[in-house]
Amino acid sequence: MKTILVAGGAGYIGSHMVALLVEKGYDVVVVDNLCTGHWQAVKGAKLRVGDLRDGNFLDQVFSEFPIDGVINFAAYSLVGESVTNPLKYYGNNVAGSQSMLTAMKNHGVKKIVFSSTAATYGEPEKQPIEETDRTEPTNPYGATKLAIEGMLKWCDRAYGIKYAALRYFNAAGANTEVGIGEDHNPESHLIPIVLQAALGKRDHVGIFGDDYPTPDGTCVRDYIHVRDLASAHLLALEYLDKGGESGSFNLGNGTGYSVKEIIDTARKVTGKAIPATVEPRRAGDPSVLIASNKKAQEVLGWKPERGLEQIISDAWTWHSSHPDGYGK
């Protein structure tokens, strides 16, 4: 297995995947429409700009390169927007994956690692969350990812396309060695928002509720370094290449950190005051979301290596050297 197609490889997590594959000696082809991705983030790979929903474009890419496996990150991922515009999310996420699977079937490519999400679970029944727990998404974003997981299952049965669906919790951090990091517009993720406040680009961080049933009253989430996330995708690809069975896997640290803990750690790492203000709760925010990563450890041989302080330290290196993101 030598040539890997990374869909959405100009995005935040995708670009870190590309960097790891290049480091490990793979030939990498990126397809991205650059709607939310950044061409500057693609290091050492061939970039083809186009939309996954364009079957002719994908046919050209699969004909041009001897693709051995696919990693698919391409998706819209703003939960709030998915609620107000569900057709945009179904039209892009589900249709794009259908088009990719069609191209794979037509070109005889039998391995795909799919970027799924913890949002497939909805309101969890228990903590930590396991892969066998109920999946009832509470937003269209999570519903589109679950629909794609269903499509993968049936494509495995019908066409023998093997898959690993990786359900992420909260990705964060940066790759300081190759100079890539997180640049979303608008930014909706907590750690970059906190670091923007440290840089003076925001006047404060909003804490949405401090009366949750958690140790300090703020929501608890499972954060994972983006480089650990990339490592899991490579292990999943290698697992499928060795004949592993298709399945879904949680990717998280297995440890939760509260909003206040994130802010306090960022204050320590940056040496900045970082003003924070308690604001009303947001609708639909569960108090705690933590992954069980036991299956990924046992089946893929994966475990995260980087803790919260390194996540924030690496992210701070990126944001302080790229205060306006890529190419600005």
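Residues numbered from 1 in each chain as written. Predicted model: local features only at pLDDT ≥ 70, side-chain atom pairs only at ≥ 80, totals over all residues. Heavy atoms only, no water.

### Thoughts on the sheet that holds strand E14 (residues 288-289)
With mixed pairing, 3 strands are arranged side by side in an open sheet as E12-E9-E14. Every interior strand has two partners, whereas the edge strands, strand E12 (257-258) and E14, have only one. Relative to E12, strand E9 (residues 220-221) is paired through 2 bridges, and the arrangement is antiparallel. Bridge assignment links Val 220 to a residue of E12, and that residue is Ser 258. (Pairing = 2+ DSSP bridges. Helix = DSSP H or I, 4+ residues; strand = E, 2+ residues; numbered from the N terminus.)

### Considerations on the nonpolar core
Among the nonpolar cores identified, the biggest contains 36 residues, and Leu 21 and Leu 251 are the most heavily contacted of them. Residue assignment for this core shows that the elements contributing at least two residues are strand E1 (3-7), helix H1 (12-23), strand E2 (27-32), strand E6 (162-168), helix H7 (226-241), strand E11 (247-251) and helix H9 (294-300). Counting 27 residues, the second largest nonpolar core, distinct from the first, contains Phe 65, Leu 101, Leu 152 and Ile 161. (Core = buried A, V, L, I, M, F, W, Y, C linked by side-chain atoms within 4.5 Å. Buried < 20%, exposed > 50% of the residue type's maximum accessible area, 1.4 Å probe, protein only.)

### Focus on the packing of helix H6 (residues 190-198) against helix H8 (residues 259-270)
The contact between H6 and H8 brings their axes to 10 Å, and the two run at 45°. Viewed along their axes, H6 and H8 adopt a mutual orientation that is oblique. Like other packed secondary-structure pairs, H6 and H8 cross with a definite hand, here right-handed. When H6 is examined against H8, the residues Leu 190, Ile 191, Val 194, Leu 195 and Ala 198 are found in contact with a partner set consisting of Val 259, Ile 262, Ile 263, Ala 266 and Thr 270. In terms of residue class, the contact of H6 with H8 is made up of 9 nonpolar, 1 polar and no charged. (Axes fitted to C-alpha atoms, helices over the stretch in contact; angles between N-to-C directions. Parallel < 35°, antiparallel > 145°, perpendicular 65-115°, else oblique. Left-handed = near helix turned anticlockwise from the far one by under 90°. Contact = heavy atoms within 4.5 Å. Nonpolar A, V, L, I, M, F, W, Y, C, P; charged D, E, K, R; others polar.)

### Some details on unusual backbone geometry
Cis rather than trans, the peptide bond between Gln 127 and Pro 128 has omega equal to -10°. Here Pro 128 is to be found in the loop between strand E5 (111-117) and helix H5 (140-159). Located in the positive-phi region is Leu 34, a residue other than glycine, with phi close to 60°. Within the secondary structure, Leu 34 is located in the loop between E2 and strand E3 (46-49). Unlike most non-glycine residues, Ile 274 shows phi in positive territory, near 50°. Along the chain, Ile 274 turns up in the loop between H8 and strand E13 (276-279). Overall, Ile 274 belongs to the buried group, its relative accessible area being 2%.

### Thoughts on the sheet that holds E2
Here 7 strands make up an open sheet; going across it, the order is E3-E2-E1-E4-E5-E6-E11 and the pairing parallel. The sheet is open, and its two edges are formed by E3 and E11, each paired on a single side. Each strand axis lies, on average, 20° off the axis of its neighbour in the sheet, ignoring direction. In terms of strand pairing, E6 meets E11 through 5 bridges, oriented parallel. Residue Leu 166 lies in a different strand from E11, and its bridge partner there is Phe 249. Contacting E1, E2, E3 and strand E4 (69-72), helix H2 (residues 55-64) crosses the sheet at an angle of about 160° to E3. Helix H4 (residues 86-107) contacts E1, E4 and E5 of the sheet and is inclined by roughly 170° relative to E5.

### Remarks on the packing of aromatic side chains
Tallied over the full model, the rule gives 3 aromatic pairs. Geometrically, the ring pair formed by Tyr 76 and Tyr 89 is tilted, given 5.7 Å between the ring centres and 55° between the ring planes. Of this pair, Tyr 76 sits in the loop between E4 and helix H3 (79-84) while Tyr 89 sits in helix H4, placing them 13 residues apart in sequence. Here Tyr 76 and Tyr 89 have matching classes, each one buried. Between Tyr 239 and Phe 249, the aromatic rings sit 6.1 Å apart at their centres with planes inclined by 85°, giving edge-to-face as the arrangement. With Tyr 239 in helix H7 and Phe 249 in strand E11, this residue pair connects regions lying 10 residues apart in the sequence. On the accessibility criterion, Tyr 239 (18% relative accessible area) is buried. (Phe/Tyr/Trp six-rings, centres within 6.5 Å; stacked < 30°, edge-to-face > 60°.)

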